[in-house]
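Understanding the architecture of this molecule
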Amino acid sequence: MTNVLILNGPNLNLLGQREPHIYGADTLADVETKARALDLADLTFKQSNHEGQLVDWIQEARGTMDAIVINPGAYSHTSVAILDALSSFDGPVVEVHISNIHKREAFRHHSYVSARAEAVIAGLGIEGYFAALRWLAARLSS
């Protein structure tokens, strides 16, 4: 079975509490439980509000993880550091956004992470995580 790192950026620890009309009622723990139930990969879940911590985890994934699913939150729009770290990772990267960032404020329309991601999923709610895992399972098994 493949090893997949699922990274979540700032404010995703408040999922289910923060702006549920945008992000839904499910918590990050709910996302993890439902993702593990799919049994598509060995999953490692991490969340941080700190850019440097996310960079460290991406660097640590080199040679130990087969793929990364990342919801960088607001760092999507600001972090060249996360882009650079992801560019040093050899496996596939899938960028996930719970909301449709293209229907929101203009500053959210650009993502640095998208320049590295093989796939970008936005606007499917937490189902985006599961779509990413299904896509990776198919891609990594072929």
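Higher on the page you've got the structure.
Summary of the structure given here. (Residues numbered from 1 in each chain as written. Predicted model: local features only at pLDDT ≥ 70, side-chain atom pairs only at ≥ 80, totals over all residues. Heavy atoms only, no water.)

Turning our attention to the pairing of strand β4 (residues 93-97). Consecutive side chains along a regular strand alternate between the two faces of the sheet. In terms of residue burial, β4 counts as a mostly covered element, since five of its five residues are buried. Side chains V93, E95 and H97 project from β4 onto one buried face, and the interleaved V94 and V96 project onto a second face that is buried too. Judged from the three bridges that link them, strand β3 (residues 67-71) and β4 form a sheet pairing that is parallel. Bridging from a neighbouring strand, I70 pairs with E95 of β4. You can see the chain leave β3, run along helix α4 (residues 80-87) and come back into β4, and the turn it takes is right-handed. Inspection of the sheet shows β4 paired to strand β5 (residues 119-122) by four bridges, in the parallel sense. Each bridged residue has a counterpart across the sheet, and for V94 the counterpart in β5 is A119. (Buried < 20%, exposed > 50% of the residue type's maximum accessible area, 1.4 Å probe, protein only. Helix = DSSP H or I, 4+ residues; strand = E, 2+ residues; numbered from the N terminus. Pairing = 2+ DSSP bridges. Right-handed = clockwise from strand over helix to strand, strands pointing away.)

With respect to the helices and strands, I98 occurs in the loop between β4 and β5. Each C-alpha atom, one on I98 and one on I22, is 8.2 Å from the other, the two residues being 76 residues apart in sequence. Setting aside residues up to four positions removed in sequence, I98 forms contacts with L12, L15, I22, Y23, N71, G123, L124, G125, I126 and Y129. (Contact = heavy atoms within 4.5 Å.)

Once that is clear, we can look at the pattern of salt bridges. Between side chains of opposite charge, a pair can form as their charged atoms come close. Under the defined criterion, the tally for this structure stands at four salt bridges. With its nearest N and O atoms 3.4 Å apart, the salt bridge here joins R18 to E19. A salt bridge links R36 to E32; the shortest N-O distance between them is 2.9 Å. Of this pair, R36 and E32 both sit in helix α2 (residues 28-38), four residues apart, which is roughly one turn of the helix. A residue is classified by how much of its surface remains accessible, and E32, at 26% relative accessible area, is partly exposed. (Salt bridge = Lys/Arg side-chain N within 4 Å of Asp/Glu carboxyl O.)

Moving on, we get to helix α3 (residues 51-61). Those residues of α3 that fall on the buried side of the exposure criterion are L54, V55, W57, I58 and A61. Taken around the axis of α3, the buried residues stretch over an arc of 165°, which confines them to a single face. Buried residues belonging to α3 abut β1 (3-8), β2 (42-47), β3 and α4. In the segment just after α3, G63 is the residue with positive phi, at about 85°. (Arc of directions from axis to C-beta.)

This part covers the sheet that holds β1. The strands making up a sheet are joined through hydrogen bonds of the backbone, oriented either antiparallel or parallel. Taken in spatial order, the five strands of this open sheet run β2-β1-β3-β4-β5, and their pairing is parallel. Whereas interior strands pair on both sides, the edge strands pair on one side only; in this sheet they are β2 and β5. Ignoring strand direction, the axes of neighbouring strands in this sheet form an average angle of 15°. Pairing between β1 and β2: six bridges, direction parallel. Residue V4 lies in a different strand from β2, and its bridge partner there is L43. Taken strand by strand, α3 contacts β1, β2 and β3, and its axis lies near 170° from that of β1. Together, β1, β2, β3, β4 and β5 form the strand contacts of helix α5 (residues 127-141), whose direction differs from that of β3 by roughly 165°. (Axes fitted to C-alpha atoms, helices over the stretch in contact; angles between N-to-C directions.)

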